Amino acid sequence: MTVRKITEYPNDVLGKVGEPITKFDAELEALTADMFETMYDAEGVGLAAQQIGLSLRLFVMDCEDVKLVAANPEIVDTEGEQSGPEGCLSLGKVPAVLARAEKVRLRAQNLKGEWFEREAEGYAARCFLHETDHCNGKLFVEYLPKMRREMVIKRFKKEKKWG
Ligand SMILES: [Zn+2]
């Protein structure tokens with residue numbers, strides 16, 4: 001297992017819709033092992049392939065009681081609303097308050113290529129949405145009003161400069 005370099009904003013790969021995963025083999029398993037390692041090293045709760053520079057529809061997460069690999073993820077159902085801080089490893093984890101659905105149902109394929117559905121609430125539901133967005137080339141700051149979006153980016157750049 002290898003800790004990969006995290007792709008940071010701004011980078012083209014973060015804005016591209018990922019390619020579907022079609023091969024469920026040892027290579028994919030090794031890649032997701034690296035993704036977990038990279039995520040734990042950065043003390044994150046989720047990591048999408050885009051964040052290690054790969055334009056693929058793939059993410060890993062370990063958030064509250066939900067630990068999984070999701071290939072070709074899609075959100076099939078959402079319910080309610082929650083408001084809370086959200087951050088992204090590609091933006092130095094600078095937090096911003098963002099409204100998201102409270103309950104989310106995810107559909108994806110596991111490492112064997114089998115389709116599954118999983119429901120989560122609260123923080124784990126937020127993670128489903130955040131990581132699935134990455135696979136679609138979308139960053140959480142895109143939901144923020146312009147001023148708040150610019151504030152997050154400015155703080156990230158400043159911390160990067162001094163960090
Ligand atoms: Zn992120």
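Calculation rules
- Residues numbered from 1 in each chain as written.
- Predicted model: local features only at pLDDT ≥ 70, side-chain atom pairs only at ≥ 80, totals over all residues.
- Heavy atoms only, no water.
- Pairing = 2+ DSSP bridges.
- Helix = DSSP H or I, 4+ residues; strand = E, 2+ residues; numbered from the N terminus.
- Buried < 20%, exposed > 50% of the residue type's maximum accessible area, 1.4 Å probe, protein only.
- Expected span 1.5 Å × (residues − 1).
- Arc of directions from axis to C-beta.
- Contact = heavy atoms within 4.5 Å.
- Phe/Tyr/Trp six-rings, centres within 6.5 Å; stacked < 30°, edge-to-face > 60°.

K.L.:
I'm lost on the pairing of strand 7 (residues 115–121) in this one. Help?
P.N.:
Residues in a regular strand point their side chains to alternate faces of the sheet. Strand direction decides the pairing type here: strand 6 (residues 103–109) and strand 7, joined by 7 bridges, are antiparallel. Across the sheet, residue Q109 finds its bridge partner in strand 7, namely W115.

K.L.:
Whenever I open this one, unusual backbone geometry confuses me. Can you help?
P.N.:
Across residues other than glycine, the phi torsion is negative in most instances, and most of the peptide bonds are trans. Residue P10 is reached from Y9 by a cis peptide bond, and omega for that bond is -5 degrees. Tracing the backbone shows P10 in the segment before helix 1 (26–41). Of note, the phi angle at E43 is positive, near 55 degrees, even though the residue is not glycine. Note on placement: E43 falls in the loop between helix 1 and strand 1 (46–48). For E43, a relative accessible area of 66% puts it in the exposed group.

K.L.:
Is there a simple way to think about helix 3 (residues 146–162) in this case?
P.N.:
Each α-helix turn comprises 3.6 residues. Residues three or four places apart therefore point the same way. In this model helix 3 runs 24 Å from its N-terminal to its C-terminal C-alpha over 17 residues, within 8% of the 24 Å that 1.5 Å per residue would give. Of all the positions in helix 3, only V152, I153 and F156 are classed as buried. Across the axial projection of helix 3, the buried residues extend over an arc of 90 degrees, all falling on one side. Pointing more than 90 degrees away from the buried face of helix 3 are the exposed residues K146, M147, M151, K154, K158, K161 and W162. Tucked into the core, helix 3 has its buried residues touching strand 5 (96–100).

K.L.:
Can you help me understand the packing of aromatic side chains in this one?
P.N.:
Within a pair of aromatic rings, the relevant descriptors are the distance that separates the centres and the angle that separates the planes. Using the criterion set out here, one finds 1 aromatic pair in the structure. Ring plane angle 20 degrees and centroid distance 6.0 Å describe the contact between F36 and Y40, whose orientation is recorded as stacked. Here the residue F36 and the residue Y40 both occupy positions in helix 1, the gap between them amounting to 4 residues, near one helical turn. Taking the relative accessible area as the measure of exposure, F36 reaches 14% and is therefore buried.

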